[in-house]
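# Structural overview for review
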Amino acid sequence: MKQPKRRTTDYDESDLRVTHPEHWAAGVPGVAVSLKRSFERMGASRTARTLTKLNQAEGFDCMSCAWPDPDPGHRSFAEFCENGAKAVAEEATTDRATPEFFARHSIAELDERSEYWLGQQGRITNPMVKQPGDTHYRPIDWEGAFALIGRELRALDSPDEATFYTSGRASNEAAFAYQLLARAFGTNNLPDCSNMCHESTSIALQESIGIGKASVVMSDLETADLIIIAGQNPGTNHPRMLTHLEMAKERGAKILTINPLREAGLTRFKNPQRPSGVVGHGTALSDLHLPIRINGDLALFQAIGSLLVEWDALDHDFIERHTTGFDAWKKHVEALDWDAVLASTGLTREEITRAAEMLRDSRGTVFCWAMGVTQHRNGVATIKEITNVALAQGNIGRDGAGLFPVRGHSNVQGDRTMGIWERVPDAFLDSLQAEFGFDPPREHGLDTVDSVRAMRDGKVKVFVGLGGNFAQATPDTDVTATALRRTRLTVQISTKVNRSHLVCGEIALILPTLGRTEKDVQATGPQWISVEDSTCSVHSSRGPLPPAGPLLRSEVAIITGIAEAALGDRYGIDWSPMRQDYRRIREHIARVVPGCESYEVNARRPGGFVMPHPPRDSRTFPTESGAAEFVVSPVEVLHVPDGHLLLQTMRSHDQFNTTIYGLSDRYRGIEGGRRVVFLHRDDIAALGFDDGDHVDLSTRWDDDDIERTARDFRIVEYDTPRGTAAAYYPETNPLVPLDHVAEGSHQPASKSVIVSLSRADSTSSSGVTSGQNGVDSEEGEKEHPRPKHLS
Ligand SMILES: Nc1nc2c(c(=O)[nH]1)N[C@H]1C(S)=C(S)[C@@H](COP(=O)(O)OP(=O)(O)OC[C@H]3O[C@@H](n4cnc5c(=O)[nH]c(N)nc54)[C@H](O)[C@@H]3O)O[C@H]1N2
Ligand SMILES: Nc1nc2c(c(=O)[nH]1)N[C@H]1C(S)=C(S)[C@@H](COP(=O)(O)OP(=O)(O)OC[C@H]3O[C@@H](n4cnc5c(=O)[nH]c(N)nc54)[C@H](O)[C@@H]3O)O[C@H]1N2
Ligand code: SF4
Ligand SMILES: [Mo]
């Protein structure tokens, strides 16, 4: 494939400064940054009105990550972190993207801008439309927008020609209404961001323990002897977790961290809410850090299992009563190939033995993991291996122990509970049928990767996005862009401008919606919504601020509006009463969703309620065999050809997924830019480069002849294992082939991409680098003024 020319941007990557990585997280700089951002973006009064309500029982739930809140009686006045405050500032900004803004900038021009710049334009105030051939978005009224969607949906040959994407911020009420809309329309095409996030977890845990969710509650972190953190960077992505780790350390718990990088948040925490965190050295967190080679976790956990078997450090009673498959697994791990383990993990046998000793000596172990584990080809097998190790010691269904997949988006787990799932179980569909009197489609729908394929192949013609930024979050950016552009209609229900508004269908709609910070008033009065966190705790949320504009509508109002336009009174579904009073939706939820009985009362109570979880609650395992299952997986060493590296794509400290808050990855010593690639010093030398050189990254993928390249990354010498590399998402998404997915879960394997490096040509390493991903345009270089806050 031909390599097009590169484009210019709106911020200047030549301002990039590399200093030293930090060895501790949070502390005073964290507070300072969050308050500065809050004042800049929303002023003093909105800062006070929002941050005092953030994560409080009568306030609103943080829209950033899915970390749980303490019980209502144990919350502090400031129950949030630096990145929670940034998320609030980003949403509650006083900047506005008005119709004048869209009149001033053509879609093509906006598409030249970086994701960062787009996000800085503020909240969208009006429904906007692009008709075929239009160069600009124009305002449209709500009735016109709904009618247009209804017309296009009804014109499809089959309901399966539409796909309904969800990002994990939608409330339970919105999610329930949305899946009802899709199914009443006639399709299970309900892809979501979870397909790219914890899908490997959901699949693995469903098969191993019968339920795809965490088996812990918050108090388990307070009583665990050992907390394992694998493939997770909590200092950035779940910052309040550090407070819990600090408390655990203070009462003598041990922490084992497994990560190619020595992330600041894994090393030491200076709690800004305590005097010792302000002036002292803070608390050392990790007792043992394993700098694992990317993708080595399956081998590591299998080796740990093998040593526990060898030492007979097992819970035989639990194994006997509650599990199946132990003998086969024991036999398998007894024949462990240590050479393969050492090659796969890049660790020494001593390091692995020390880790296994920590498990042996622990009376209760909590296993935490996130994207460093799920986003691999062997992600499902790795999580089953983690589960094997947990089962071998009976670390499930008792205090201070359990499996803790730490979720990403604040309500990604709740959205699944509400039926946002292309493969929802039949029992859910049966309940839906009983409640609403129609026969929902039974055939499984399209997930995220399959939706891209279907759009690319012309099989899906309408894309609806309930939040999110599909064009940037998905792998294979160029392929996804082509796919989205092939559609007849794209509808984005959004708070802020993003790439998915520009990489769009022949007809495109932007429907502006309320965020978590805002008051939601409907015909019957103020409404509240509900969400579920990583530990299955469900609670209510109410925004304190007036809406960002008079025309904004809530997600529920938009979904029900689309439903009425597309379905009329088909099946007599009570769309309008649901919109007027969300209690109506919760009444449906109570009757349809298992575990949600008396939902209205339970969710509304301060602190909410915890969803049932049979393995956690009673050591019952709703698997096919009725027992927890040991699963045997072979250890494979991911072979990387000479001259190539294994690249992981990760988050900086100054972004929320595709929303770029700023250009500072403070903990890793990066300021003023994002196009960096972190490499081991010996790899830099072996490949013939120097720190500071600019390189293009290309993917090796044997199944197609597309050469995927992302241009102009500055090499940064970094403490990452030999043969591995790290760079930020979404700039690197063009490198992730669409077909490079986890076996069993179909989740993009964006943490193990085999890449090669070549010297960036002189025109592209000028320091004025591409805003959008290095997805280069044909149009050559154009000058743009720098955004106001940078100049
Ligand atoms: N501020 C902020 N908070 C967020 C988000 C955000 O973007 N910004 N995103 C939210 C979402 S949706 C999610 S899913 C979570 C993501 O939270 P995380 O999973 O913490 O996010 P990542 O940055 O993708 O990477 C995780 C870590 O995995 C490590 N890693 C990479 N490959 C491997 C491997 O093979 N083995 C091991 N053991 N480790 C590996 C990386 O070095 C990195 O430290 O955060 C949520 N919270
Ligand atoms: N290479 C690579 N790719 C990845 C990942 C990775 O680690 N590496 N991580 C993956 C993961 S874990 C995830 S979860 C996905 C994320 O995928 P998405 O969820 O699709 O992406 P986000 O960037 O979180 O979505 C941001 C947009 O959501 C909209 N928005 C914000 N708040 C609201 C709201 O309250 N309501 C509505 N309706 N819209 C709102 C805004 O317009 C904003 O631009 O990306 C995945 N992609
Ligand atoms: S830990 Fe997550 S949920 Fe809690 S305040 Fe920080 S970003 Fe928000
Ligand atoms: Mo995620």
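Residues numbered from 1 in each chain as written. Chains lettered and ligands numbered in written order. Predicted model: local features only at pLDDT ≥ 70, side-chain atom pairs only at ≥ 80, totals over all residues. Heavy atoms only, no water.

The name given to the protein chain in an unreviewed UniProt entry is FdhF/YdeP family oxidoreductase, with the source organism recorded as Pseudonocardia petroleophila. Listed under Sequence similarities (unreviewed entry) in UniProt, the entry text for the protein chain is "Belongs to the prokaryotic molybdopterin-containing oxidoreductase family." (UniProt positions renumbered as here; feature names shortened; annotations may be inferred.)

### So, the overall build of the protein chain
Check the secondary structure of the protein chain and you find 31 helices and 34 strands. For the protein chain, whose C-alpha radius of gyration is 25 Å, the value lies close to the compact-globule estimate of 28 Å for 791 residues. Taken across its 791 residues, the protein chain has 66% of its residues classed as buried. Side chains of the protein chain carry 86 positive and 110 negative charges; the gap between the two charge centres is 5 Å. (Helix = DSSP H or I, 4+ residues; strand = E, 2+ residues; numbered from the N terminus. Rg over C-alpha atoms; globule rule 2.2 N^0.38 Å. Buried < 20%, exposed > 50% of the residue type's maximum accessible area, 1.4 Å probe, protein only. Lys, Arg positive; Asp, Glu negative; His and termini not counted. Charge placed at Lys NZ, Arg CZ, Asp CG, Glu CD.)

### Re the UniProt feature "domain: Molybdopterin dinucleotide-binding" (unreviewed entry) in the protein chain
In the numbering used here, UniProt assigns the feature "domain: Molybdopterin dinucleotide-binding" (unreviewed entry) to residues 645-753. End C-alpha to end C-alpha, residues 645-753 measures 8 Å, and it is 6% helix and 37% strand.

### Here we look at the site of ligand 3
By nearness alone, every residue bordering ligand 3 is listed as Asn55, Cys62, Ser64, Cys65, Trp67, Phe80, Cys81, Gly84, Pro239 and Arg240. Looking at the shell around ligand 3 residue by residue, the classes come out as 6 nonpolar, 3 polar and 1 charged. (Near = heavy atom within 4 Å. Nonpolar A, V, L, I, M, F, W, Y, C, P; charged D, E, K, R; others polar.)

### With respect to the site of ligand 1
If you check the shell around ligand 1, you find 31 residues, and the closest are Glu263, Asn295, Asp297, Arg651 and Asn657. With respect to ligand 1, the backbone of Ile258 contributes an N or O atom lying 3.1 Å from a nitrogen atom. The separation between a nitrogen atom of ligand 1 and a polar side-chain atom of Asp297 is 2.7 Å. Contact with the protein chains hides 99% of the accessible area of ligand 1, taken as 920 Å² for the molecule alone. In terms of residue class, the shell around ligand 1 is built from 11 nonpolar, 16 polar and 4 charged. Each of two domains, domain 2 (199-405) and domain 3 (639-777), supplies a minimum of three residues to the shell around ligand 1. (Polar contact = N/O pair within 3.5 Å; in protein donor to acceptor, adjacent residues only side chain to side chain. Areas by Shrake-Rupley, 256 points an atom, 1.4 Å probe, with all protein chains shown as cover. Domains from an automatic or database assignment.)

### Regarding the packing of aromatic side chains
In total, this model carries 20 aromatic pairs according to the counting rule given. Residues Phe176 and Phe436 carry aromatic rings whose centres are separated by 6.3 Å and whose planes lie at 40 degrees to one another, so their mutual orientation is tilted. Pair noted here: Phe176 is in helix α7 (residues 172-185) and Phe436 is in helix α22 (residues 426-436), with a separation of 260 residues, a long-range link. Each of the two residues, Phe176 as well as Phe436, counts as buried. The cationic tip of Arg113 hangs over the ring face of Trp117; the distance from NZ or CZ to the ring centre is 3.9 Å. Across from the ring centre of Trp24, 3.8 Å away, lies the NZ or CZ of Lys270, which sits over that ring. (Phe/Tyr/Trp six-rings, centres within 6.5 Å; stacked < 30°, edge-to-face > 60°. Lys NZ or Arg CZ within 6 Å of the ring centre and 35° of its normal.)

### Examining the confidence of the model for the protein chain
A low pLDDT score tells you not to read the predicted coordinates there in detail. Put simply, the protein chain has an average pLDDT of 93, and 95% of its residues get 70 or more. Across residues 1-8 the pLDDT falls below 50, and counting only partners more than four positions away or on other chains, this stretch makes 43 contacts in the model. Considering only residues more than four positions removed or in separate chains, one finds that residues 764-791, a stretch of pLDDT under 50, has 90 contacts. (pLDDT = per-residue confidence, 0-100. Contact = heavy atoms within 4.5 Å.)

### Brief notes about the domain arrangement of the protein chain
Annotation of the protein chain at the domain level lists domain 1 (96-194 + 424-605), domain 2 (199-405) and domain 3 (639-777). Computed from C-alpha coordinates alone, the two centres of domain 1 and domain 3 are separated by 32 Å. On the side of domain 3, 23 residues touch domain 1, which itself brings 24 residues to the contact. Summing the contributions of domain 1 and of domain 3, the shared interface buries around 2000 Å²; its carbon and sulfur component is 53%. Linking domain 1 to domain 3 there are 2 salt bridges. The salt bridge involving Arg708 is made with Asp476; its shortest N-O contact spans 2.7 Å. (Buried area = accessible area lost by both parts, 1.4 Å probe. Salt bridge = Lys/Arg side-chain N within 4 Å of Asp/Glu carboxyl O.)

### Side note on unusual backbone geometry
Residue Pro730 is reached from Tyr729 by a cis peptide bond, and omega for that bond is 5 degrees. Residue position: Pro730 is located in the loop between β33 (724-728) and β34 (753-759). Although it is not a glycine, Cys536 sits at a positive phi angle of roughly 65 degrees. Following the sequence through the fold, Cys536 ends up in the loop between β21 (529-532) and β22 (537-541). The exposure class assigned to Cys536 is buried, which follows from its relative accessible area of 0%. Although it is not a glycine, His746 adopts a positive phi angle of roughly 65 degrees. Mapped onto the fold, His746 is located in the loop between β33 and β34.

### A few points about the side chain of Ser534
Structurally, the position occupied by Ser534 is in the loop between β21 and β22. Looking at Ser534, the relative accessible area reads 0%, which means it is buried. Within the structure, Ser534 has its side chain in polar contact with the backbone nitrogen of Arg407 (distance 2.8 Å). Not counting residues up to four positions away in its chain, the partners in contact with Ser534 are Ala66, Ala214, Phe404, Pro405, Val406, Arg407 and Gln413.

### Some thoughts on the sheet that holds strand β11 (residues 283-284)
What the 3 strands build is an open sheet, ordered β2-β10-β11; its pairing is mixed. With one partner strand each, in any of the chains shown, β2 (25-26) and β11 form the two edges of the open sheet. By the bridge criterion, 2 bridges tie β2 to strand β10 (residues 268-270) in an arrangement that is parallel. Paired with Ala26 across the two strands is Lys270, which belongs to β10. (Pairing = 2+ DSSP bridges.)

### So, the state of the cysteines
Enumeration according to the criterion identifies 0 disulfides in this entry. Not engaged in a disulfide, the cysteine Cys193 finds its nearest cysteine sulfur in Cys197; these two sulfurs lie 5.9 Å apart. (Disulfide = S-S within 2.5 Å.)

### Structural notes on the pairing of strand β9 (residues 254-258)
For β9, the tally of buried residues reaches 4 of 5 residues, placing the bulk of the element in the interior. Alignment of strand β8 (residues 226-230) against β9, held across 5 bridges, turns out to be parallel. Along β9, the bridge assignment pairs Ile227 with Ile255. Of the strand pairs in this sheet, β9 and strand β12 (residues 288-290) are connected by 3 bridges, and their pairing is parallel. Counted as the bridge partner of Thr257 is His289 from β12.

### Considerations on the side chain of Ser64
Positionally, Ser64 belongs in the loop between α1 (28-51) and α2 (82-91). Aside from chain neighbours lying at most four places away, what touches Ser64 is Asn83, Gly84, Ala87, Arg169, Gly408, His409, Ser410 and Phe656.

### Observations regarding the pattern of salt bridges
Taken as a whole and judged by the stated rule, the model has 57 salt bridges. For the salt bridge of Lys86 with Glu82, the shortest nitrogen-to-oxygen distance reads 3.5 Å. Of this pair, Lys86 and Glu82 are both found in helix α2, 4 residues apart, which corresponds to roughly one turn of the helix. Residue class for Glu82 comes out buried when judged on its relative accessible area of 10%.

### Description of the pairing of strand β30 (residues 676-679)
Neither face of β30 is open: one carries Val676 and Phe678, the other Val677 and Leu679, and all of them are buried. With 4 bridges joining them, β30 and strand β32 (residues 708-717) adopt parallel strand pairing. Within β32, the position partnered with Leu679 by the bridge is Glu717. As paired strands, β30 and β33 are joined by 3 bridges and run antiparallel to one another. If you follow Val677 over to β33, its bridge partner there is Ala727.

### Let's talk about the sheet that holds β9
Strand pairing in a sheet relies on backbone hydrogen bonds, with the paired strands running either antiparallel or parallel. Pairing within the open sheet is parallel, and its 5 strands lie in the order β12-β9-β8-β14-β15. The open sheet terminates on both sides in strands that have one partner only, identified here as β12 and β15 (402-405). Geometrically, the sheet is characterised by an average inter-axis angle of 15 degrees between neighbouring strands, direction not taken into account. Pairing of strand β14 (residues 365-369) with β15 involves 4 bridges; the strand directions are parallel. (Axes fitted to C-alpha atoms, helices over the stretch in contact; angles between N-to-C directions.)

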